[in-house]
Amino acid sequence: MELGPDPHSFANFKHAKTTQIDLVLNCDFEAKEFHGHVDITVDLLQDTDVVLLDISGLKIQECSEADSGKKLDYSTATQAYCGSCLEVKLPPNACTKGSQAKVRVKYNTTAQSSGIQWLSPSQTKGGDQPFCFTQCQAIQTRTVLPCQDTPSVKAPFSFTITVPSDLTAVCSGLRQGEPTPNGDGTHTFVYHQPMPVMAYLIAAAVGKLAKASLGPRSDLYAEPEILEAARWEYDGITETFIVEAEKVCGTEYKWKTYDIVMLPSSFAYGGMENPNATFLSSALLAGDKSLTTTLAHEITHSWCGNMVTNAFWKDFWLNEGFTRYVERRILGAMFGPAYRGLQMTYGYFDLIKNCNFLAHRPYLLKLQPEIVGVDPDESFSRIPYEKGSLFLHYLEGIVGGEQPMTTWLRTYFTDFAEQSVTTDDFRDHFTAHFTKAGVDMSGVAWDHWLHGVGLPDYDIYAHIDNSMTVRCKEIAHTWLHDDGNGANASDIDGMKAHQVMVILDTIINENTHFSGDKLDRMDSTYHFSETKNCEIGFRWFLLCLKNNHRSCFEGVKAYLSRNGRGVYVKPLYVELYRVDPEYAREVYGGLSDFYMDVVAEPIKKTLEL
Ligand SMILES: [Zn+2]
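Quantities reported herein were computed from a predicted structural model and do not represent experimental measurements.

1. Let's talk about unusual backbone geometry
With an omega of 5°, the peptide bond running from Gln137 to Ala138 counts as cis. Along the chain, the position of Ala138 falls in the loop between β9 (131-134) and β10 (155-164). Even without being glycine, Lys289 reaches a positive phi, approximately 65°. Relative to the helices and strands, Lys289 is located in the loop between β20 (277-281) and α3 (293-300). At Glu608, a position not held by glycine, the phi torsion is positive, near 55°. Here Glu608 falls in the exposed class, since its relative accessible area comes to 58%.

Have a look at this one:
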């Protein structure tokens, strides 16, 4: 079976394109499955007698014409790395260009549906109710519903979901009234997403969720046990971020509401920008608002990613690099250019770390990685984020600063609203805009940035405000080159969390050996091993493991058991396995149910399990 125009999907969307999805599902915690049906409306852009859908780990029961109930023939073909193709024969009267068909697929999910995470009551804060949530980006929607699972296809959707009466379902759309009781211990929620979106933005979280207000268009959903902590962290700032994002992007927030759902800390990501219902990991509740930058990031996706989308996964930087760039513009506007400089330094260090970590896979070190035949989740890294945002910062310098960039962003988000774009589309649009504005574009090093491997040739420090990082580098220097002489606890008093991260990253990126004694002194000075901040904790334990510091093992184990985020735990397992393979396997063995598949699979590969 041939793949479609998107190398990560079978969808024949150039012939039959999805224009509406209506999902009706029961959430069955006992069977750990969703069952029900999906109606997929397709418009025929060319003559064809089939619609090709992506599926993976789904049990298909029946395909029919949604309105008449007339059965439709179907078949499936398997292709290893991105699931299977469900080929549904279209009704004979709907096979010509210009016609429309509505196909119903009855199905249920299975234990292989890796886009759904089922948590037992003991894996929740409350301990008395189960929890489940979906995570569909990049190509996991096909494990939740049959669909054209490519970011090149956008359609509005509805999601009707039946759940146990004492649980709440939050989906990535606008809620249509109160849930309807069914008289059998269940009730049904209905959500509509009127904006055309990619299948990967279809999402649901079901659990014992309490609600609190965060602002004029924002509610928070969280387990009652963490509701107040989360409300304290995000109250007010949610609306401020939205308003600032509107200013930087030059266009208004189009999605009406912006709610947040707090997920358990086993979530594989910091956040997921599901429209109207951003999912955030409760590991971000640092207790001091120091990680609310992730919220600025997810809000920014309302423009970069959710409204203007990468057409293919190799263009992922158009989602994430743009989002990082705008996120830091927002933070700069709110807290000053020095804070933007700090965030960019932190991002640059992340880029260096990722280039080192992925040095054996140079095809991933390009802005447009070569990922045909590779699962995009498996190649996920910070490269598209940090190299992409650095590229936009470089371009900002060429076109004359922040204001010209915002003027261009306004036209970009207007001209490509609700569309999927490629890197070529971006380049053509950017070049045309600034050429018209009289900017000399001849010196732009397109080839170097778009196709170069690894760190770009760009002196970031010459182009940012470094005043918040000077002291960080001095402190790092004390430990790197003067054995920590003169260091004391007050060094980091009053510092922003990202400054502390810069200290640790400066040390990590030097790759200098630190003795166990030095690490112990460092920890007794700054108490890094006790931090509640998961970003600082990650860096501290990474530094310890890189230096074979076995006395950190208990701390590492505790960290790995309360954080399921891939960008932290994957590198930690790599180092732990290098230091002590047996111990690494033992730690993982006790936690294998905790991690999501998208994180567990690469860890298993690391541990050679
Ligand atoms: Zn993102």
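From this point on, the discussion continues.
2. Structural notes on the UniProt feature "binding site: Zn(2+)" (unreviewed entry) in the chain
Taken from the UniProt record, the annotation "binding site: Zn(2+)" (unreviewed entry) applies to His297, His301 and Glu320. A stretch of 24 residues holds the annotated residues, and the largest C-alpha distance among them is 9.1 Å, short enough that they meet in one place. Considering the arrangement of structural elements, one finds His301 in the loop between α3 and β21 (308-310). For His301, a relative accessible area of 0% translates into the label buried. Beyond its immediate sequence surroundings of up to four residues, His301 is in contact with Glu273, Asn306, Met307, Asn319, Glu320 and Thr323. Among the residues examined, Glu320 registers a relative accessible area of 2% and is labelled buried. Dropping the residues within four chain positions of it, Glu320 is found in contact with Glu273, His297, His301, Pro384 and Tyr385.

3. Focus: helix α16 (residues 581-591)
Inspection of α16 places Tyr583, Ala584, Val587, Tyr588 and Leu591 among the buried residues, and these make up the whole buried set. All buried residues of α16 lie within an arc of 130° about the axis, which places them on one face of the element. In α16, the exposed positions angled more than 90 degrees off the buried face are occupied by Glu582, Glu586, Gly589 and Gly590. On its buried side, α16 packs onto α14 (553-562), α15 (566-579) and α17 (597-606).

4. Here we look at the domain arrangement of the chain
For the chain, the assigned domains are domain 1 (1-170), domain 2 (308-463) and domain 3 (470-606). Each of domain 2 and domain 3 has a C-alpha centre, and these two points are 28 Å apart. Listed as interface residues are 15 residues of domain 2 and, on the opposing side, 21 residues of domain 3. Together, the buried faces of domain 2 and domain 3 total about 1,500 Å²; carbon and sulfur atoms form 64% of this surface. For domain 2, the biggest contributors to the area lost against domain 3 are Tyr346, Phe349 and Lys353; these three give 39% of the whole. In this structure, the connection of domain 2 to domain 3 is made through 2 salt bridges.

5. Side note on the sheet that holds strand β5 (residues 74-78)
The strand order across the open sheet built from 3 strands is β3-β6-β5, with neighbouring strands paired in antiparallel fashion. Of all the strands in the sheet, the pair left with one neighbour each is β3 (50-55) and β5. Neighbour to neighbour, the strand axes of the sheet diverge by 25° on average, direction disregarded. As judged from the 5 bridges shared by β5 and strand β6 (residues 84-89), these two strands associate in the antiparallel manner. Residue pairing across strands places Ser75 opposite Glu87, the latter belonging to β6.

6. Observations concerning the sheet that holds strand β15 (residues 204-207)
In space, the 4 strands of this open sheet follow the order β8-β9-β15-β11, with antiparallel pairing throughout. A strand with exactly one partner marks an edge of an open sheet, and here the two such strands are β8 (116-119) and β11 (168-171). Neighbour to neighbour, the strand axes of the sheet diverge by 10° on average, direction disregarded. Here 2 bridges tie β9 to β15, and the two strands are oriented antiparallel to one another. When the sheet's bridge partners are listed, Cys132 is paired in β15 with Val206.

7. Focus on the pattern of salt bridges
Applying the stated rule across the entire model yields 34 salt bridges. Here Glu386 ties to Arg324 by a salt bridge, and the two come within 2.8 Å at their closest N and O atoms. Taken together, the positions of Glu386 in helix α6 (residues 383-399) and Arg324 in helix α4 (residues 317-335) put the pair 62 residues apart, joining distant regions of the chain. Neither Glu386 nor Arg324 differs from the other in exposure class; each is buried. Ionic contacts of the salt-bridge type, sharing partners, join the residues Asp350, Lys353, Arg382, Asp505, Glu535, Arg539 and Arg565 into one network.

8. Section: the environment of Trp317
Relative to the elements of secondary structure, Trp317 occurs in helix α4. Separated by 66 residues in sequence, Trp317 and Ile383 have C-alpha atoms that sit 8.2 Å apart.

Cut-offs and rules
- All chains use their own residue numbering, which begins from 1 and follows the written sequence.
- In keeping with the model being predicted, local features are shown solely for residues with a pLDDT of at least 70 and side-chain atom pairs are shown and tallied solely at 80 or more, while totals for entire chains, interfaces and linings include all residues.
- To obtain the side-chain values, all non-hydrogen atoms of the structure were used and water was disregarded.
- Only runs of H or I of at least four residues qualify as helices and only runs of E of at least two qualify as strands under DSSP, and these elements are numbered from the N terminus.
- For every residue, the accessible area (1.4 Å probe, protein chains only) is compared with the maximum for its type, and the residue is labelled buried under 20%, exposed over 50%, or partly exposed between those bounds.
- UniProt positions are given in the numbering used here, feature names are shortened, and annotations may be inferred rather than shown by experiment.
- Residues count as neighbours in contact if any of their non-hydrogen atoms are within 4.5 Å of one another.
- It is the directions from the helix axis to the C-beta atoms that the arc portrays.
- Throughout, the edges of the domains are those of an automatic or database domain assignment.
- Throughout, the accessible surface (probe 1.4 Å) given up by two parts as they are put together, summed over both, is called the buried area.
- Basic side-chain nitrogens of Lys or Arg form a salt bridge, by our definition, when they fall within 4 Å of a carboxyl oxygen of Asp or Glu.
- Pairing between two strands is assigned when DSSP locates at least 2 bridges connecting them.
- In this analysis an axis means a line fitted to C-alpha atoms, helices contributing only their contacting stretch, and an angle means the value between N-to-C directions, from 0 to 180 degrees.

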